[in-house]
Amino acid sequence: TGAQQAEVLLEMSCDKLCLRTMLVSYTDSAGNRQRCSQSGYAVKIFLPMSSTDVEVSFSVVGGGMVCKVDREDPKAPWVRDADGRGIPEKFFYTSCAQHIQYFIRGPSLHSWV
């Protein structure tokens with residue numbers, strides 16, 4: 001029986017309209033940049049607790065990007081750049097809580113967190 005190393009759990013759940021991918025990059029304890037991804041309707045990615053500079057983004061399998069919405073507005077309108085295009089949703093953490101959950105909704109060309 002060895003000691004179990006603490007891990008960070010990043011969890012993505014989706015509606016069943018389309019498959020999504022969660023893409024994660026982070027810096028490991030040796031200072032190396034690592035990348036991993038998982039696709040599905042319910043995905044879990046485990047990272048070492050020592051992970052830093054964690055970036056989480058999402059895409060749709062066979063579709064578009066998962067874009068940012070204004071979560072302060074009850075209608076959750078799209079956040080757009082100066083040219084009117086959707087901005088891909090990305091979450092950044094210098095260090096992570098032990099469990100972070102995301103829920104993705106919408107069709108393949110209009111998904112949001």
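Residues numbered from 1 in each chain as written. Predicted model: local features only at pLDDT ≥ 70, side-chain atom pairs only at ≥ 80, totals over all residues. Heavy atoms only, no water.

1. Focus: the pattern of salt bridges
- With the rule as written, the count across this model stands at five salt bridges.
- In this structure, the salt-bridge partner of Asp-15 is Arg-20, at a minimum N-O distance of 2.9 Å. One exposure class covers both Asp-15 and Arg-20, and it is buried.
- One salt bridge in this structure joins Arg-71 and Glu-89, with 2.9 Å as the shortest N-O distance. Placement of the pair is Arg-71 in the loop between β6 (66–67) and β7 (90–95) and Glu-89 in the loop between β6 and β7, with a sequence separation of 18 residues.
- Arg-71 sits in the partly exposed class, given a relative accessible area of 46%.
- Judged by relative accessible area, which is 2%, Glu-89 ranks as buried.
- Each member of the salt-bridge network shares a partner with another, and the members are Asp-81, Asp-83 and Arg-85. (Salt bridge = Lys/Arg side-chain N within 4 Å of Asp/Glu carboxyl O. Buried < 20%, exposed > 50% of the residue type's maximum accessible area, 1.4 Å probe, protein only. Helix = DSSP H or I, 4+ residues; strand = E, 2+ residues; numbered from the N terminus.)

2. Let's talk about the sheet that holds strand β1 (residues 7–14)
- What the three strands build is an open sheet, ordered β4-β1-β8; its pairing is mixed. Each of the sheet's edge strands pairs with one partner strand only, and the pair in question is β4 (42–48) and β8 (99–104). For this sheet the average axis-to-axis angle between neighbouring strands, irrespective of direction, equals 15°. (Pairing = 2+ DSSP bridges. Axes fitted to C-alpha atoms, helices over the stretch in contact; angles between N-to-C directions.)

3. A closer look at the environment of Tyr-93
- Following the sequence through the fold, Tyr-93 ends up in strand β7.
- For Tyr-93, a relative accessible area of 21% corresponds to the partly exposed category.
- Put simply, Tyr-93 and Thr-52 are 41 residues apart on the chain and 7.2 Å apart in space, counted from C-alpha to C-alpha.
- Ignoring sequence-local partners within four residues, the contact set of Tyr-93 consists of Thr-52, Asp-53, Val-54, Val-56, Ile-100 and Tyr-102.
- Of the polar contacts made by the side chain of Tyr-93, one reaches the side chain of Tyr-102; its length is 2.8 Å. (Contact = heavy atoms within 4.5 Å. Polar contact = N/O pair within 3.5 Å; in protein donor to acceptor, adjacent residues only side chain to side chain.)

4. Focus: the sheet that holds strand β2 (residues 20–27)
- A sheet is described by the order of its strands in space; here four strands give the open sequence β3-β2-β5-β7, paired in antiparallel fashion. Of all strands in the sheet, those bounded by a partner on one side alone are β3 (33–40) and β7. Taken pair by pair, the neighbouring strands of this sheet meet at an average axis angle of 15°, ignoring direction.
- Pairing geometry for β2 and strand β5 (residues 52–60), over seven bridges, is antiparallel.

5. Some remarks on the pairing of β2
- For β2, the tally of buried residues reaches seven of eight residues, placing the bulk of the element in the interior.
- Of the pairings in the sheet, the one linking β2 to β3 comprises eight bridges and is antiparallel in character. Bridged to Val-24 within β3 is Cys-36.
- A loop of five residues connects β2 with β3, the two strands running antiparallel in sequence, and Gly-31 in this loop sits at a positive phi of about 90°.

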